[in-house]
Amino acid sequence: MAPRGKNQPTREGRNPLGSKSSSRGGIQKRRGPTKTDNDGDLDMDAPSKRLNRGSTNETRGRGRPSGRGPQPSRGAAKVAQIVMKQLGSGNPSDLSARVSRPTRSRGGHIEGLTWLRVRGLKQSKAASNPDGGLSDLLSFMERKASSFSTGRRRHLTIRKSHRAGDYVFVGASKEDAEEFLKLNTFTFAGTQLEVVESNEDFAPPNKATESPETIELRSKLQGILSQRYIGDNKLLKLDALASDAELVTLGMFENRERALKTFKGLMAICDGLFKTAQEKKDAIESISLANNSIDDVIQVESVASSFPHLKNLDMSGNQITNMEGLKRWKGTFKELETLYTTGNPIEATDANFQATLLEWFPKLRIINGIELRTAQQIAEQEAARQPKPIPQSGPDFRDVNGIGEQFLLDFFAAYDSNREALTSRLYDAGSQFSLAVDAISVRDPNAPPPLPWAAYIKSSRNLQKITTLHARSQRLVKGANAIYNLWKDLPMTKHPNMKDELSKYIMDCHPLPGLADPTGQSQLGVDGLIIAVHGEFEEYDQKSGLSGKRSFSRTFVLAPGISGSAQIRVVSDMLSLRAFSPLPNVFVAPSSAPTDTANQHQAMIAELSKQTGMVPQYSEMCLSQVEWDFGKALVIFNEKKSQLPPEAFATAT
Amino acid sequence: MPLPDADTEVKASSDAAEIFVINYYEAINTRAKLETFYINSSSRYSIPADISINGSVVPTPEEYSKLLETQGENVHYEIESFDTHIINPSFQYGAPETVYESEKNEKSGRKMSIVVTTMGKVRFGKGREAPQKMFNETFVLTPNWDSMARNPARGLKRWLIMSQNFRAL
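Residues numbered from 1 in each chain as written. Chains lettered and ligands numbered in written order. Predicted model: local features only at pLDDT ≥ 70, side-chain atom pairs only at ≥ 80, totals over all residues.

A tally of regular secondary structure across chain A gives 21 helices and 20 strands. Within chain A, the proportion of its 653 residues that are buried is 36%. Long-range contacts, defined as pairs at least 24 residues apart, comprise 74% of the intrachain contacts of chain A with a sequence gap of at least 6. (Helix = DSSP H or I, 4+ residues; strand = E, 2+ residues; numbered from the N terminus. Buried ≥ 20, exposed ≤ 12 C-beta atoms within 10 Å, placed from the backbone. Contact = placed C-beta atoms within 7 Å.)

Time to look at the overall build of chain B. Along the backbone of chain B there are 3 helices and 6 strands. For chain B, the succession of helices and strands along the chain, N to C, is α-β-β-α-β-α-β-β-β. For chain B, the residues scored as buried account for 47% of the 169 residues in total. In chain B, once contacts between residues fewer than 6 apart in sequence are set aside, the share between residues at least 24 apart is 70%.

Moving on to the confidence of the model for chain B. Taken residue by residue, chain B gives an average pLDDT of 93. The fraction at 70 or more is 99%. Predicted as a complex, the structure gets a pTM of 0.57 and an ipTM equal to 0.96. (pLDDT = per-residue confidence, 0-100.)

Size of an interface: often given as the accessible area lost when the parts come together. The partner chain B presents 53 residues to the 52 residues of chain A that form the contact. Residue assignment for the side of chain A that touches chain B shows that the elements contributing at least two residues are β14 (432-438), α17 (469-474), β17 (506-515), β18 (526-540), β19 (547-560) and β20 (568-579) of chain A. Of all the elements, β17 of chain A adds the most residues to the side of chain A that touches chain B, at 7 residues. For the side of chain A that touches chain B, the residue count by class is 24 nonpolar, 20 polar and 8 charged. (Nonpolar A, V, L, I, M, F, W, Y, C, P; charged D, E, K, R; others polar.)

Residues and elements named next belong to chain A. Note that Ile 403 resides in helix α14 (residues 403-417). Once the C-alpha coordinates of Ile 403 and Gly 528 are considered, the two residues, 125 residues apart in sequence, prove to be 10.0 Å apart. With near-sequence residues (within four places) excluded, Ile 403 lies in contact with Leu 529 and Ile 568.

Ranked by size, the top nonpolar core spans 81 residues in total, and within it Ile 531 and Leu 558 of chain A together with Ile 114, Val 116, Leu 141 and Ile 161 of chain B carry the most contacts. Once residues lying within four places of it in the same chain are set aside, the contact partners of Ile 114 of chain B are Ser 13, Ala 16, Ala 17, Thr 84, His 85, Ile 86, Ile 87 and Leu 141 of chain B. Among the nonpolar cores identified, the runner-up in size contains 38 residues, and Ile 224, Leu 238, Met 252 and Cys 270 of chain A belong to it. (Core = buried A, V, L, I, M, F, W, Y, C linked by C-beta atoms within 7 Å.)

It is worth spelling out unusual backbone geometry at this point. Residue and element names in this part refer to chain A. Despite not being glycine, Ala 240 shows a phi value in the positive range, around 40°. On the secondary structure map, Ala 240 appears in the loop between β8 (235-237) and α7 (245-249). Among the residues examined, Ala 240 registers 16 C-beta atoms within 10 Å and is labelled partly exposed. The backbone of Asn 368 sits at a positive phi, close to 50°, despite the residue not being glycine. Tracing the chain through its elements places Asn 368 in the loop between β12 (366-367) and β13 (370-371).

The subject of this paragraph is the sheet that holds strand β1 (residues 113-119) of chain A. All names here are of chain A. Strand order in the open sheet made by the 4 strands is β2-β3-β1-β6, with antiparallel pairing throughout. The open sheet terminates on both sides in strands that have one partner only, identified here as β2 (160-164) and β6 (194-197). Here the average twist between neighbouring strands, direction ignored, is 25°. Both β1 and β6 contribute to a ladder of 4 bridges, which runs antiparallel. (Pairing = 2+ DSSP bridges. Axes fitted to C-alpha atoms, helices over the stretch in contact; angles between N-to-C directions.)

All names here are of chain A. Taken as a whole, helix α20 (residues 616-625) has its buried residues at Tyr 618, Ser 619, Cys 622 and Leu 623. Take α20 and look down its axis: the buried residues cluster within an arc of 135°, on one side only. Those residues of α20 that are exposed and aimed more than 90 degrees away from the buried face are Gln 617 and Ser 624. Downstream of α20 by one or two residues, Glu 627 has phi in the positive range, about 55°. (Arc of directions from axis to C-beta.)

Looking now at the packing of helix α15 (residues 419-426) of chain A against helix α18 (residues 480-487) of chain A. Residues and elements named next belong to chain A. Running from N to C, α15 and α18 point in directions that differ by 160°, and their axes come no closer than 9 Å. Viewed along their axes, α15 and α18 adopt a mutual orientation that is roughly antiparallel. In the crossing of α15 with α18, the sense of the turn from one axis to the other is right-handed. On α18, the residues touching Arg 419, Glu 420, Thr 423 and Ser 424 of α15 are Ala 480, Ile 483, Tyr 484 and Trp 487. For the contact of α15 with α18, a count of residues per class yields 4 nonpolar, 2 polar and 2 charged. (Parallel < 35°, antiparallel > 145°, perpendicular 65-115°, else oblique. Left-handed = near helix turned anticlockwise from the far one by under 90°.)

Residue and element names in this part refer to chain A. Two strands pair when backbone bridges link them, and strand β16 (residues 492-494) and β18 are joined in this way by 3 bridges, in the antiparallel orientation. Pairing of Thr 493 across the sheet is with Glu 539, part of β18. Hairpin connection from β18 to β19: 6 residues lie between these consecutive antiparallel strands, with Gly 545 at a positive phi of about 75°.

Attention shifts here to the sheet that holds strand β10 (residues 312-314) of chain A. Read across the open sheet, the 7 strands follow the order β7-β8-β9-β10-β11-β12-β13 (chain A); overall the sheet is mixed. The sheet is open, and its two edges are formed by β7 (229-230) and β13 of chain A, each paired on a single side.

This part takes up the environment of Thr 342 of chain A. All names here are of chain A. Mapped onto the secondary structure, Thr 342 falls in the loop between β11 (338-340) and α11 (346-349). Since 14 C-beta atoms lie within 10 Å of it, Thr 342 is described here as partly exposed. Each C-alpha atom of the pair Thr 342 and Ala 290 lies 9.4 Å from the other, and the pair is 52 residues apart in sequence.

Here we come to the pairing of strand β1 (residues 50-53) of chain B. Residue and element names in this part refer to chain B. In β1, alternate side chains face the same way, and those of Asp 50 and Ser 52 on one face and Ile 51 and Ile 53 on the other are all buried. Two strands pair when backbone bridges link them, and β1 and strand β6 (residues 159-168) are joined in this way by 4 bridges, in the parallel orientation. When the bridges of β6 are listed, Ile 53 appears paired with Phe 166. Where β1 lies against strand β2 (residues 56-58), 3 bridges are found, and the strand directions are antiparallel. Bridge pairing in β2 links Ile 51 to Val 58. Here β1 folds back onto β2, and the loop between the two strands holds 2 residues, one of which, Asn 54, carries a positive phi near 50°.

The next subject is the packing of helix α6 (residues 212-227) of chain A against helix α8 (residues 256-273) of chain A. Residue and element names in this part refer to chain A. Interaxial distance between α6 and α8 falls to 10 Å at its minimum, and their mutual angle equals 80°. As judged from the angle between their axes, α6 and α8 are roughly perpendicular. Of the residues in α8, those in contact with Arg 218, Leu 221, Gln 222 and Leu 225 of α6 are Gly 265, Leu 266, Ile 269 and Cys 270. Residue composition of the contact of α6 with α8, grouped by class: 5 nonpolar, 2 polar and 1 charged.

What follows is about the confidence of the model for chain A. Of all residues in chain A, 78% attain a pLDDT of 70 or more, and the chain-wide mean is 79. Low pLDDT, under 50, characterises residues 18-74 of chain A; the predicted model gives this stretch 101 contacts beyond four residues in sequence or across chains.

For the rest of this paragraph, the subject is the environment of Ala 414 of chain A. Residues and elements named next belong to chain A. On the secondary structure map, Ala 414 appears in helix α14. You can call Ala 414 partly exposed: it has 16 C-beta atoms within 10 Å. Distance from Ala 414 to His 495, taken between C-alpha atoms, is 10.0 Å for residues 81 residues apart in sequence.

Structure, rendered in structure tokens:
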């Protein structure tokens, strides 16, 4: 999460959050990395020798560009820097994670290891090494202590090490540990080490291991935050931070990097103040970041992760020049309604920036005090974005000589009353039948529980489930007699009368060329019809005594009858069964407008419920009273809020 | 006319249906081009496929793709059931005068036309709360004569849609 500023051509050229780094640059340069302690133990820029040795559970320290010297180490500013590093490393939730996570990590307690607590690494110049200086500290300790016990010329080893807060814990054999203890008060990379035996066994990194300086700075920052929080307005004022006397005194904005870390640290502290996300959401609805010389929101990116539900944001008086500078916030702040951008160069450079902002932040309505769209418009746009089904039309019934129509009128009545006669009349030796059960279909939640599938499942040829060739063959029924033999064991049915209750059916019919000609006269085959019909039937299962409704779809391929017998014959009859669910009525004039309106109304009800906490029922009542004018609904709600009964509001979950 | 035997018929038809169902709905869900699934893509067929969607005739597969797109983002088709019957074990329509290895292809079921029915759900939007609708669809698949050549072009489908009927339920 290195600030992108590092890649910018001139590091000192820009001053995010108003840091005053340029004045310090020269001094820093002169302090070269070669200025180490007398032993020459410190090699700031060399690749770490021990990086992979030992078993540290260390998060790696942040790298610095080479050639850059250590930070000036004077007083409060120095401490602040160290603390900020700790607070601001990684994501802002680190802080809470650090407090709550018991890191009695890898390996746990190793038999016979004695643990020492070493303090000073954080304060040392080595702290700016790629791994935070840990490897250098460990080699320093091993070499120093080993050289001490020259009499025996024994190499002392640190077996385990881990960093916790301001301390490094090292584990070694009891014998070695005694030698290491002698390093207490030794100077390492410009800092005096404190090496004491750790009676905490493995101190988990928690507040207890924070140095007094950390705790003090934390409370100072908390104090600053609380002064900048205006509870009545649920507003956190983080504007003009660089001119905050207290922050300046603490040295928090001395240079760019410090300023960035300070900000991250502030966010981390903010996060730490709230037990739950809801608490945070309730307490802070608005944040001002005005007048902070921000040219890219990457510098304050953590606001988005810390306050994802923010409603109002003031970015005025910053240095945003184009949308690129806001890009890191794209897709965040999903609840943001109001934004101020006045005084940013982007106002002059990008004529479209407001439109783009409205695209990026779905709930954004007001920019610089001007309402660009209403909540209702947003709700409508949202409804329009919802996927919608392909519209339904009435039957696509391209019949030939009324054959298809006659067949359907005839078929279901006969199937309900006399299946044997039906098979002998319209089916022949070549006819095929199979049924397929979909036992996991969508069903009407208000309908009674679906009927069991026992009567059908033995014959179901749902090829999704029936995968062996044998079963697939067995369940394909061929010939009028075999078909009747299956049908007579299926439950009795009663289909709605197609003439009286047409809307309970959907049927499509088209001509189909290329059917087999059993007479063999036509090489290219004969023309027939293919019919798909969907509907419902009432069922009575003689065996179980159960009755109820099912939904079905049935596909017929009809061919001309063989001369002498009936006019047509059924080539293929495929029955698909599913739990009962009423069909859409496709016979009403196809009008997409009412459904669109209904969708919009639903979206508005949902939005009003969300904004007011009312249950959907009351939101609907409220909206219908004002003829679905969302803005008016809100006004009415605010007027009558106090008169509403408690049941109008959803109970908090 | 060496027609396929009963087992070959069942195997060839259900394999054809299964491959088709998997690929076709995958193509719909990924918004891939649909043309190659239809007889419109083969010069052997002089007629276009008969495509009927929710009661309206759609002239071309391209038009159907457009119609599918109007549904918006994150529309997902999921098959729960399918079945197939053979309509004509020796389909002739559009066949070239000499079909490559005609007898062998006929015996193995490559020349049949089949009817495939599917049933499943269309999910509109992401997540568990997204609305779902049942649908039922019927296809008539006929041989892709172009795939019955000595060296057929790679990726040619063996069967093509001649007739399609979709209904949301």
